[in-house]
Amino acid sequence: MESVLQLSVKAVSERLAQILTDYLSNNWGRIPEKYRHITPRTNMVTELQLDSFQVMEFMLEVEDQFDVAIDLESLSDIHTITDLASVVIAAHAD
Amino acid sequence: MSLLAKFNAAEQLRSGLAGAGQDPTGVVFDAIRSATEGVVEGRETILAGTNNYLGLTFDPECVAAGIEALETQGTGTTGSRMANGSYAGHLALEAELADFFECPGALVFSTGYGANLGTLAALLEPGDAVLLDADAHASLYDGCRMSGADVFRFKHNDVSSLERRLKRLGERASRCLIVVEGMYSVLGDSAPLDEFVALKEQYDAVILVDEAHSVGVFGEHGRGVAEQQGVLDKVDFIVGTFSKSLGAMGGFCASRHRALGLFRYVSRPFIFTASPSPSIIATTRMALKQLRSRPELRARLWQNASRLYASLQENGFELGPQVSPVIAVKIEQKERALADWNRLLRGGIYVNLMLPPATPGSASFLRCSVSAAHTEEQISTIIEAFAGLRD
């Protein structure tokens, strides 16, 4: 994988959207049909309504795929996939 | 009044839970007959979800010790340990816990929750790093957050997930605290502490193990999962509670590091809480004595646990990954779990209902906790009641 620092927020967002799509692929559950196409603008809280367990599993996957450490405290500022992309890039720069 | 709008969600939750019958968060025991029997809504009920692993809550010697302490020392200490709340009994219990865990010191807290908060808040400060098992108890999460340290989670019981995160920390790994539990309270699964300890030594980190559900249950002498896996002397901090195997209330931290003795000067949850009442200390001390002198209680506990686990498995229920005194029966649908829980309660069996998102895998569980005090007949009745859920 090329360095995260060389990637744009857009590129990281697209990769994150794919990771989340893969994660949810067998468990869309109560997520409305109209939100199932995940994009960088998708809001994980209001649109996908991920519960805390799903957020945790997804974040652990993101950490491993991007080889970054994301502090629990950062999660409260993350709503959209783009928000998360910024946090991933910042974590990689640390 | 928008400040109170947040309670709308709680009201919805309450209505949903109460809709199927009894609200599982509001069960009232009108009477407690013994360690394994109570009365709920006028019905005689077998208690199969009370964490009373050794069944010591009605032990005559524990009860007598509590009464004597009430009569000779009064109802409460009315103060914190830093002021007027340190009695000889508190210090004696700390010495006995240190002896039990074969380490230089132990510190008593007023609750198990407070022990975790107080220990983590004392150990950590902003700039430190914590690697926390994702399925850790809320009190461990809260203590880590309270400390201001950077908190990173790793996959539950996953050694390679922990190692990847230790690697990512680089030089910070040596200022890192690994936080895990001995046995986890939802599924009853044990941590691979021997492997976690090997990693912490490799990276020069520190490990804290919460043995709340495993003291009195695991290990040749009942010291917990660390003893069972032969790494007790390598664990830096052991935290636990008096409210499960010891049948009382309160918590502790034991450590081979002498810094523990200084926690009392820096741990706000320790400093600003009234100390445990003398009767609680007296019953806990007696329960610890019983735990140490009556290994047959542990043998009986495992006998009951093995029988219940095997029978439920034979009945086709999906259970937690290993035999332990916590036996979690998985029910996929939350509504079905709620209905089954109500059916068990109406049939005279009390178990815990665990619902998502507080559960692994977003599933629901009917969680039994077995006691050494359960009779064979009671275990049979519990098995029959679960079999009835299949009808």
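Everything discussed here concerns the structure shown above.
Rules used in this analysis
- Residues numbered from 1 in each chain as written.
- Chains lettered and ligands numbered in written order.
- Predicted model: local features only at pLDDT ≥ 70, side-chain atom pairs only at ≥ 80, totals over all residues.
- Heavy atoms only, no water.
- Contact = heavy atoms within 4.5 Å.
- Buried area = accessible area lost by both parts, 1.4 Å probe.
- Salt bridge = Lys/Arg side-chain N within 4 Å of Asp/Glu carboxyl O.
- Polar contact = N/O pair within 3.5 Å; in protein donor to acceptor, adjacent residues only side chain to side chain.
- Axes fitted to C-alpha atoms, helices over the stretch in contact; angles between N-to-C directions.
- Helix = DSSP H or I, 4+ residues; strand = E, 2+ residues; numbered from the N terminus.
- Parallel < 35°, antiparallel > 145°, perpendicular 65-115°, else oblique.
- Left-handed = near helix turned anticlockwise from the far one by under 90°.
- Nonpolar A, V, L, I, M, F, W, Y, C, P; charged D, E, K, R; others polar.
- 1 Å grid on protein atoms, 1.4 Å probe; cavity = no way out; pocket = protein on both sides within 12 Å on 5 of 7 lines; lining within 4 Å.
- Points joined across faces, edges and corners; volume = space filled by probe spheres on them.
- Buried < 20%, exposed > 50% of the residue type's maximum accessible area, 1.4 Å probe, protein only.

1. Here's the deal with the interface of chain A and chain B
Step number 1: Between chain A and chain B, the residue contacts involve 15 residues of the former and 18 residues of the latter.
Step number 2: In this assembly, chain A packs against chain B so that about 1,500 Å² is buried in total across both faces, 53% of it on carbon and sulfur atoms.
Step number 3: On the chain A side of the contact with chain B, Phe53(A), Asp64(A) and Leu72(A) bury the most area, a combined 38% of that side's loss.
Step number 4: At the surface where chain A touches chain B, the tally comes to six salt bridges.
Step number 5: Note that Asp64(A) and Lys155(B) form a salt bridge whose closest N and O atoms lie 3.9 Å from each other.
Step number 6: Viewed at the interface, chain B and chain A are joined by 10 residue pairs in polar contact (both at pLDDT 80 or more).

2. Digging into the packing of helix α2 (residues 52-66) of chain A against helix α6 (residues 159-169) of chain B
Step number 1: Following both chains from N to C, one finds α2(A) and α6(B) inclined at 55 degrees, their axes separated by 11 Å at the closest point. Classed by the angle they form, the pair α2(A) and α6(B) counts as oblique. In the crossing of α2(A) with α6(B), the sense of the turn from one axis to the other is left-handed. For the pair α2(A) and α6(B), the contacting residues are Leu60(A), Glu63(A) and Asp64(A) in the first and Arg164(B), Arg165(B) and Arg168(B) in the second.
Step number 2: Partitioning the contact of α2(A) with α6(B) into residue classes produces one nonpolar, no polar and five charged.

3. So, the layout of surface pockets
Step number 1: Computed from the structure, the second largest pocket encloses a volume of approximately 580 Å³.
Step number 2: Taken together, 23 residues form the lining of the second largest pocket, with Asn27(A), Asp51(A), Gln54(A), Pro356(B) and Ser362(B) sitting closest to its centre.
Step number 3: Those elements giving two or more residues to the lining of the second largest pocket turn out to be α2 of chain A together with α13 (334-346) of chain B.
Step number 4: Top contributing element to the lining of the second largest pocket by residue count: α2(A), with three residues.
Step number 5: Tallied by class, residues from the lining of the second largest pocket come to nine nonpolar, seven polar and seven charged.

4. Some thoughts on unusual backbone geometry
Step number 1: Phi at Asp67(A) is positive, roughly 55 degrees, even though this residue is not glycine.
Step number 2: Here Asp67(A) is to be found in the loop between α2 and α3 (81-93).
Step number 3: On the basis of relative accessibility, which here comes to 48%, the residue Asp67(A) falls in the partly exposed class.
Step number 4: One non-glycine residue, Asp204(B), lies in the positive phi region at around 60 degrees.
Step number 5: Relative to the helices and strands, Asp204(B) is located in the loop between α7 (193-202) and β8 (206-210).

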